[in-house]
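# Fold and contact review
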Amino acid sequence: MELFFRTKGELPVSQEHTDWENENERLQAVISHVQKKKEALQGESDELKDDVIELRRTFWDDVTVNLDEPDDVIETQASLKQRAELLSERERSHGLLDQQKKTLNKLEESPYFGRIDFTEDGESETEPIYIGIASLMDENDEEFLVYDWRAPISSMYYDFAPGRAHYPTLDGDVEGEITLKRQYIVRGGKLDGMFDTGLTIGDELLQSLLGQQSSPQMKSIVASIQREQNQVIRNERSKMLIVRGAAGSGKTSAALQRVAYLLYKHREKLNAGNMLLFSPNPLFTRYVSNVLPELGEDNLQQSTLYHHFEKRLPNGWKLESPHAHIEYFLSEQVEGIRSQGLSVKTEPRFIEHLHNYVDTLSHSGLIFKDLYFRGEVWVTKKQLQDYFYQMASSMSISDRLEAVAEWLMKMLQITEREERPKAWVDEEMNLLDHETYNRVFEKVRENGDEEAFNEAVLEEGLLRKLVVRRKVKALKKQIQAFDVLDVEAMYVQFFRWEGHKVIAEEITYHFQKKEMHWEDAAPFFYFEDLLKGRPVYADIRHIFIDEAQDYTTIQIRYLQHLFPSSRLTLLGDANQAVHAHTSAGNAPLVEEPAEKEQETITLHRSYRSTQPIVEFTKQLVPNGEQIEAFERPGPKPEMKQLENETQHDRYVGELAKRLEERELGMVAIVTKTFAESEEIWEQLTRAGRDAQLIHEQTSEFKGALLVLPVYLAKGIEFDAVIASDASASNYHLERDRYLLYTACTRAMHELYLCANGELSPFIADNVRKQYVQE
Ligand SMILES: Nc1ncnc2c1ncn2[C@@H]1O[C@H](COP(=O)(O)OP(=O)(O)OP(=O)(O)O)[C@@H](O)[C@H]1O
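This text gives an overview of the structure that appears in the document. (Residues numbered from 1 in each chain as written. Predicted model: local features only at pLDDT ≥ 70, side-chain atom pairs only at ≥ 80, totals over all residues. Heavy atoms only, no water.)

### Focus: the packing of helix α9 (residues 305-312) against helix α21 (residues 553-562)
Spelled out, the test is: Here an angle of 0 to 180 degrees is reported between the N-to-C directions of two axes, which are lines fitted to C-alpha atoms, with helices fitted over the stretch in contact. Helix and strand definitions here come from DSSP, where helices need a minimum of 4 consecutive H or I residues and strands a minimum of 2 consecutive E residues; each element is numbered from the N-terminal end. Oblique is the label for any angle not covered by the other classes, which are roughly parallel (under 35 degrees), roughly antiparallel (over 145) and roughly perpendicular (65 to 115). In this scheme the crossing of two helices becomes right-handed for a clockwise turn of the near helix relative to the far one and left-handed for an anticlockwise turn of less than a right angle. Any two residues having at least one pair of non-hydrogen atoms within 4.5 Å are treated as being in contact. In the scheme used here, Gly and all other residues not listed as nonpolar or charged are polar, with Ala, Val, Leu, Ile, Met, Phe, Trp, Tyr, Cys and Pro taken as nonpolar and Asp, Glu, Lys and Arg as charged.
It is the contact of α9 with α21, at a shortest axis distance of 13 Å, that shows an interaxial angle of 65°. In terms of orientation, α9 and α21 fall into the roughly perpendicular class. For the crossing formed where α9 meets α21, the hand is left-handed. Judged by residue contacts, L305, H308, F309 and R312 of α9 engage Q555, Y558, L559 and L562 from α21. Partitioned by chemical class, the residues of the contact of α9 with α21 number five nonpolar, two polar and one charged.

Quick look at the structure:
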């Protein structure tokens, strides 16, 4: 690799000197071109802004509102529509200019980060291709001064070393020769460094990027995307793309770059609103929220599965959070009824059983609810059942339910008419407020009947109608939502039907208290949708599921069925499974490809941690030998055994203090459970230390010292990690292995393990040589 890196004060040698000056000159020329563009854009933007303000101010001036005749109404509507369209078109253009301005601001700071010189076969000229976060044309709009990193030609920068190369176009691959591959470090419009690279993209650049301190917000990796990551980013073949990879191999980073790539490639028909990322928790959501804006793109939508289910929950119900679920299984004996239920519900073929059950319900067994009006049964469950099952069983359940709803709506109209003259309506009319009376009175007046007698009759009629309509409102809503089925009872009945009586009883017990366990949410709502028909989220075209190893098969299937027209990217690492059910090997991530358009890409290299840390952590897990460390030096992990809890906690506090004093950056004390985190945090606080205790609702880091349980640290990284109590008593079950691995792999530069007593068996003898024992 040829390298000429210049930092302030260093003098380049003669050959490099020429290039340095040339590159510097070009850089300044491009930046001044960007500045000119910015000025021109500002002028345009100001004009548009004035237009928008004026249009808003005078919106009604040119609209003649005339509602006398139907024709006039249509004309008024048309003229309103025209004005509104004009305004929104101007607003959109202004928004676009704003976006362009933001991109130009970024280009002004750093217009490009890479270059390849490419000679196409059959051409004599070599074209230097400069690559940046967005394309930039020269003043005549003829030549590219900078190519967007997502342009087809730019793919060669990531995929090839100097030598033969090719890139795809609509007319087939273009072949040729790369004669130079160069990287730049440009900050604040200044050329700070320059590398010519060979095989991989600048290990030196990576060294310098990865050696930096952690940041509370994830950064884009656009300048140093690695070849295997590029396969993830540009993959378009698969309907379902599974990305497996070791901790720190760049799965999340590649996924976010992939979003940016797809937005660029399909900009005519795809926007950030069509993409949805499921993250593990609010802290992670926040952590990754800056990557796309950094690349000049709008952020994609983000949610958590918990948040989604919570919104679907019936009124007054409570859903156990995934973190409470983890804590339960970490602290309870896993042999109880609940864990039996967990195995059944998370078993990959569970979904088939659910489908089989629904098939039988097509013929018999649906449980309906009695429907009530004014506290009395209006239609019985038996009547509903009879009406439902007299329809042909060739009709789907949801179609038949729709027919039931139509039937009920008609009956409701009759009921409404029959109820109006009744005495209870008189009573309720007396309770109506003045405002309602006045409104009804006005309405009668508007209709213009001269006869006072008629007016009074009309008024009473309207008031009766209103009272009854209000009374049936809830029932109407219930019918329209198909809420005539007793889904809870049928869900329980399913377990009985399957021969799981005890599990059925356990669910009934919680359902009666309106509580739902985390492991019931996906099966329950999936089942409900099978019966009632699924809600459609047609707008979402791409879903990304990070930390997918923690999803059960049915959770993934549920999302697939919720977003039927969506492509799916699953990112995960089976070695980081923190849920009891997924660490048992049930994660969909470990299943073999099932769908035709499904593809798996595995990332082997780990970038987050130094080489000594990776060498240590890879031995904690099976198949760890497949994990490759990026060659970044650093101290070996340190281990300290202590005799009791008091000594342990005191040591953790002192160690954190020492690390803080060295101003390492962010230091995290990672524990197995939240209770342990709380204990350590309390002790630190008593000692006057300023530490932040992270809980499941935390969405932001504050300060440089954090205490958190491992499952909340997922996907995030810290400059130094203290893995608290890595003892045999704390980490001994097979699933603890994955928790310990996840905790240790959060460390970027330094890792410390402390144990109260004997070491965890996972830190086996062959591991011991990888760390220093104090
Ligand atoms: N090509 C790259 N260039 C620069 N930095 C990179 C690259 N790939 C990954 N990194 C860095 O490595 C770290 C880990 O990346 P990321 O969080 O995307 O990995 P991950 O596979 O999602 O990790 P985990 O499994 O622990 O969630 C981040 O700091 C990221 O910026």
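After that view, the rundown keeps rolling.
### Points about helix α25 (residues 674-686)
Residue pairs spaced three or four apart in an α-helix point in one direction, given the helix's 3.6 residues per turn. Inclusion rule: A helix is expected to reach a length of 1.5 Å times the quantity of its residues less one. Burial here depends on accessible area, computed with a 1.4 Å probe over protein chains only, as a share of the maximum for the residue type. Under 20% is buried, over 50% is exposed, and the range in between is partly exposed. As used here, the arc is the angular range of directions from the helix axis to the C-beta atoms.
A rise of 1.5 Å per residue sets the reference length of α25, with its 13 residues, at 18 Å; its end C-alpha atoms lie 18 Å apart and thus fit the reference within 8%. Every buried residue of α25 is listed here: E676, S677, I680 and L684. Relative to the axis of α25, the buried residues are bounded by an arc of 100° and lie together on one face. Backbone geometry just downstream of α25 places G688 in the positive-phi region, at approximately 80°.

### What about the site of the ligand?
Stated formally: Proximity is defined per residue: if any heavy atom of the residue lies within 4 Å of a molecule or strand, that residue is considered near it. For the purposes of these results, a polar contact is taken to be a pair of N or O atoms within 3.5 Å, where, inside protein, one atom must be able to donate a hydrogen and its partner to accept one; residues adjacent in sequence count only when each atom of the pair is a side-chain atom.
What surrounds the ligand is a group of 23 residues, the closest being S224, K251, S253, E717 and R746. Q229 places a side-chain nitrogen or oxygen 2.8 Å from a nitrogen atom of the ligand. Between G250 and the ligand, the recorded distance is 3.0 Å, taken from a backbone N or O atom to an oxygen atom. Elements that contribute at least two residues to the shell around the ligand include exactly α4 (203-210) and α6 (251-265). Residue composition of the shell around the ligand, grouped by class: eight nonpolar, 10 polar and five charged.

### Comments concerning the pattern of salt bridges
To keep things clear, this is the line we draw: Salt bridges, as used here, are contacts in which a Lys or Arg side-chain nitrogen is within 4 Å of a carboxyl oxygen on Asp or Glu.
One pass over the structure, following the stated rule, counts 41 salt bridges. Of the charged contacts in the structure, one is a salt bridge between R150 and E297, with a shortest N-O distance of 2.6 Å. Taken together, the positions of R150 in the loop between β4 (144-148) and α3 (155-159) and E297 in the loop between α8 (291-294) and β10 (301-303) put the pair 147 residues apart, joining distant regions of the chain. The residues R150 and E297 share a single accessibility class, namely buried. Note that R164 and E177 form a salt bridge whose closest N and O atoms lie 3.6 Å from each other. Here R164 is found in strand β5 (residues 163-169), whereas its partner E177 is found in strand β6 (residues 172-187), with 13 residues between them in sequence. Residues joined by salt bridges that share partners form a network here, namely D19, E23, R115, D117, R182 and D196.

Limitation: the analysis is restricted to geometry and does not speak to function.
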